Amino acid sequence: MIALKLGVTANDVKNVIIWGNHSSTQYPDVNHVKVKLQGKEVGVYEALKDDNWLKGEFVTTVQQRGAAVIKARKLSSAMSAAKAICDHVRDIWFGTPEGEFVSMGVISDGNSYGVPDDLLYSFPVVIKNKTWKFVEGLPINDFSREKMDLTAKELTEEKETAFEFLSSA
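Conventions we followed
- Residues numbered from 1 in each chain as written.
- Predicted model: local features only at pLDDT ≥ 70, side-chain atom pairs only at ≥ 80, totals over all residues.
- Heavy atoms only, no water.
- Core = buried A, V, L, I, M, F, W, Y, C linked by side-chain atoms within 4.5 Å.
- Buried < 20%, exposed > 50% of the residue type's maximum accessible area, 1.4 Å probe, protein only.
- Helix = DSSP H or I, 4+ residues; strand = E, 2+ residues; numbered from the N terminus.
- Pairing = 2+ DSSP bridges.
- Axes fitted to C-alpha atoms, helices over the stretch in contact; angles between N-to-C directions.
- Contact = heavy atoms within 4.5 Å.
- Phe/Tyr/Trp six-rings, centres within 6.5 Å; stacked < 30°, edge-to-face > 60°.
- Lys NZ or Arg CZ within 6 Å of the ring centre and 35° of its normal.

*Asks:* Got a sec to walk through the nonpolar core? Specific residues and values, please.
*Replies:* Judged by nonpolar contacts, the single largest core of 38 residues is most densely connected at Ile2, Trp19, Val35, Val44, Tyr121 and Phe123. Of all the elements in the fold, those that place two or more residues in this core are α1 (2-6), β2 (17-19), α2 (44-48), α3 (51-55), α4 (57-63), β6 (102-107), β7 (120-128) and α7 (142-168). The biggest single contributor to this core is β7, with four residues.

Structure (C-alpha cells):
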C-alpha cells in the first residue's frame, strides 16, 4: 500500500512492523519504515506527508485484509497464508539483510516491548544463521503502545479460552 501510494516498488519499502495477533487487532507500525525515493532513503512520514492516512486508512485496511480477501474471493485466504509461510521460510533460510528486519509470529518470552510472556505474537526480528532474535530498542510512541497492548490483550484472552477448553475436555 505504501509503495503504491508513493509510486515505488515494494522492495523500496522496508522495516514495516506487524505487531501482535493475526486478526483485526494486528497493528501495522510504520514508525520505523524507510522508503527509497530517487535513490535516497527517507522515513515514511517524510516521504508521504500524510499522517492521517498512515494512522487511519492504512492501519484499518491492513487490519481487515484477511476478511477482504475472503469476501473478494468467496474462498478462504489460504493462499495469503501460504505466501506468508514461503516468505518466512525464505527469511529463515537466507536471513535478513543488514539494517533490515521482518515481522514474525514468535514466542514472546524475553521481549523488551512489555508484551506478556507465553504468547505467540508478531514482533520485528532479525535472522542470522537460521536463528531469529528480537529487534531491540525501537522507540514505541503512545499510539503504538495502545495498539500493541490491545492485540496482546486479545491474544491473552484467546490463550485463556483455549486453556479453559482444554482443561474441560
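Picking up where we left off.
*Asks:* Give a description of the sheet that holds β7 that names residues and reports values.
*Replies:* Pairing between the strands of a sheet is mediated by backbone hydrogen bonds and can be parallel or antiparallel. In space, the three strands of this open sheet follow the order β6-β7-β8, with antiparallel pairing throughout. Since the sheet does not close on itself, it has two edges, and those belong to β6 and β8 (131-134), each with one partner. Within the sheet, the average angular offset between the axes of one strand and its neighbour, ignoring direction, is 60°. Two elements, β7 and β8, share four bridges in a ladder whose sense is antiparallel. Bridged to Ile127 within β8 is Trp132. Lying on the sheet, helix α6 (residues 78-94) is in contact with β6 and β7; it crosses β6 at an angle near 90°.

*Asks:* Please give an account of the sheet that holds strand β1 (residues 13-14) that cites residues and values.
*Replies:* Here we have three strands laid out as an open sheet, ordered β1-β4-β5, and antiparallel in their pairing. Both outer strands of the open sheet, β1 and β5 (40-43), are each paired with one neighbouring strand and no more. Across four bridges, strand β4 (residues 34-37) lies against β5 in antiparallel orientation. Paired with Val35 across the two strands is Val42, which belongs to β5.

*Asks:* Give me the lowdown on the packing of aromatic side chains, citing residues and values where you can.
*Replies:* On inspection of all chains with the given rule, the structure shows seven aromatic pairs. Taken together, a centroid distance of 4.8 Å and an interplanar angle of 70° make the contact between Phe123 and Phe134 edge-to-face. Within this pair, whereas Phe123 is found in strand β7, its partner Phe134 is found in strand β8, the two being separated by eleven residues in sequence. What makes Phe134 buried here is its relative accessible area of 10%. Seen from their ring centres, Trp132 and Phe134 are 5.1 Å apart, and the 75° between their planes marks the pair as edge-to-face. A relative accessible area of 32% places Trp132 in the partly exposed class. Pairwise contacts between aromatic rings join Trp19, Tyr113, Tyr121, Phe123, Trp132 and Phe134 into one cluster. Over the aromatic face of Trp53 sits the side chain of Lys5, whose NZ or CZ is 4.8 Å from the ring centroid. Its end group placed over the ring of Phe143, Lys55 keeps NZ or CZ at 5.4 Å from the ring centre.

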